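Below, each chain spelled out in residue letters.
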Amino acid sequence: MSEREVSRRRLLASAAGVGGLSLGLSLVPAGAHATSSAAGRPRRTGASWENVIKRSSLSSSSAFDRSWNHLYPWDADADTHNGAARMHADKVSLAKGVLTLTATRLAQPDGDSPHAPYAPLWYRSGAVHAKEQILVDDRFPEYDIEGEFRTQTGKGIWPAFWTIGIWPDWPPESDILEYVGNSTNLFNTWNRSADDNELVERKRISVRDPDAWHRYRVRMSKRGKDVMLDYYFDGARKATHRGVGWAGVPQWLIINLQMGAWASGIESDDPGWDKQPGPAGNTYLRARNVWVGRTRAR
């Protein structure tokens, strides 16, 4: 996974260097990028609706264990990814229906991440992933994925609520919540071109206070071999993207509080990489009312 992931994140980082993450290579007509609060496409008729993850999944440890696993869903090195944090189950807590991921700055790095760009692991943090995979196909032609989140943001802070294809199938990737070192949320949809170049459709949302509760949502619906994605922030539809060839490809759903790496504004050959600039003490990402539903075709 790491080799493709580093390329994906280098693309994101290069965009940050030219206009604050302004890169966006469209795969659908400009008119399809909704910026209003329109309700979007109506739900299919002749389909039944079911819960995949209930809003109550964060209400207790037993409810959590029925729907979620700790760490990342990788087969190996599941406690690390492409940032400067090693994930531990003890950095995940539940209280009154709220999931809290806590990232703590260490006195010295806990080795280096085995995933490119091999950042020194200056943080101990938390990640969880859903046990049930997302699979948009003829049987389950629509999914709704949403949750309420509040997160600290700023240099070195990299929280995310996202889906990713099961390796080696990347893309798909849908970033529903992603802040990379600032207070701009990124709605990202990742694809590949016919000549295997990586393409991203991106909608940037400047958020006045990410550490207040906000609702993040993506609605996925099958369109032939593709998947259409409608992104919402606090109930308003902000963008419509196309996942090219995504139909029938299973995806993981992940919540994580990553730190450092490109969120620190530096790359591996820059001065200060070994120190991984970022906040001291503790940093928090909180989630509640996370819900996944799908339609089942008759």
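The coordinates are above.
Structure report, in brief. (Residues numbered from 1 in each chain as written. Predicted model: local features only at pLDDT ≥ 70, side-chain atom pairs only at ≥ 80, totals over all residues. Heavy atoms only, no water.)

**Describing the overall build of the chain**
Each helix and strand in the chain was counted, giving two helices and 17 strands. Classification of the 298 residues of the chain by burial places 54% in the buried group. Restricting to contacts in the chain with at least 6 residues of sequence separation, those with at least 24 account for 71%. Of the accessible surface of the chain, which amounts to about 12,000 Å², a share of 47% is contributed by carbon and sulfur atoms. (Helix = DSSP H or I, 4+ residues; strand = E, 2+ residues; numbered from the N terminus. Buried < 20%, exposed > 50% of the residue type's maximum accessible area, 1.4 Å probe, protein only. Contact = heavy atoms within 4.5 Å. Areas by Shrake-Rupley, 256 points an atom, 1.4 Å probe, with all protein chains shown as cover.)

**What about the sheet that holds strand β16 (residues 251-259)?**
Judged by pairing direction, the sheet is antiparallel, and its seven strands sit side by side in the order β2-β7-β16-β9-β10-β11-β12 without closing on themselves. Of all the strands in the sheet, the pair left with one neighbour each is β2 (68-70) and β12 (198-206). Neighbour-to-neighbour, the strand axes of this sheet turn through a mean angle of 15 degrees, independent of strand direction. (Pairing = 2+ DSSP bridges. Axes fitted to C-alpha atoms, helices over the stretch in contact; angles between N-to-C directions.)

**Some thoughts on the pairing of strand β11 (residues 184-192)**
Taking burial as the measure, the nine residues of β11 include eight buried ones, the bulk of the element. The pairing of strand β10 (residues 173-178) with β11 spans three bridges and is classified as antiparallel. Its bridge partner lying in β11, Asp175 is registered against Asn188. Between β10 and β11, which follow one another and run antiparallel, lie five residues, and Gly181 among them has a positive phi close to 80 degrees. Alignment of β11 against β12, held across nine bridges, turns out to be antiparallel.

**Observations concerning unusual backbone geometry**
For the peptide bond that leads from Ala116 to Pro117, omega is 10 degrees, which places it in the cis range. A cis geometry characterises the amide bond from Trp167 onward to Pro168, with omega recorded as 15 degrees. Looking at where Pro168 falls in the secondary structure, it is placed in the loop between β9 (157-165) and β10. Here the phi dihedral of Asp77 falls at roughly 55 degrees; this positive angle occurs in a residue that is not glycine. Taking relative accessible area as the criterion, Asp77 reaches 41% and is therefore assigned partly exposed.

**Re the side chain of Asp175**
Structurally, Asp175 is set in strand β10. Under the relative-accessibility criterion, Asp175 is labelled buried at 0%. A distance of 3.2 Å separates the side chain of Asp175 from the side chain of Trp190, its partner in a polar contact. (Polar contact = N/O pair within 3.5 Å; in protein donor to acceptor, adjacent residues only side chain to side chain.)

**Focus: the packing of aromatic side chains**
Tallied over the entire structure, the rule returns eight aromatic pairs. Consider the rings of Trp158 and Trp262, whose centres lie 6.2 Å apart with planes at 75 degrees: the pair is edge-to-face. Residue Trp158 is found in strand β9, and its partner Trp262 is found in the loop between β16 and β17 (282-297); the two are separated by 104 residues along the sequence. Grouping residues by exposure puts Trp158 and Trp262 together as buried. (Phe/Tyr/Trp six-rings, centres within 6.5 Å; stacked < 30°, edge-to-face > 60°.)

**A closer look at the pattern of salt bridges**
Any two side chains of opposite charge can pair if their charged atoms end up close together. Within this structure, the stated rule accounts for 17 salt bridges. Close ionic contact of Glu142 with Arg219 constitutes a salt bridge, the shortest N to O distance being 2.8 Å. Residue Glu142 is found in strand β8 (residues 142-151), and its partner Arg219 is found in strand β13 (residues 214-223); the two are separated by 77 residues along the sequence. Measuring nitrogen to oxygen at the nearest pair gives 3.7 Å for the salt bridge that ties Glu146 to Arg215. With Glu146 in strand β8 and Arg215 in strand β13, this residue pair connects regions lying 69 residues apart in the sequence. By relative accessible area, Arg215 is classed as partly exposed at 30%. (Salt bridge = Lys/Arg side-chain N within 4 Å of Asp/Glu carboxyl O.)

Treat this as a map of the structure, not an account of what it does.
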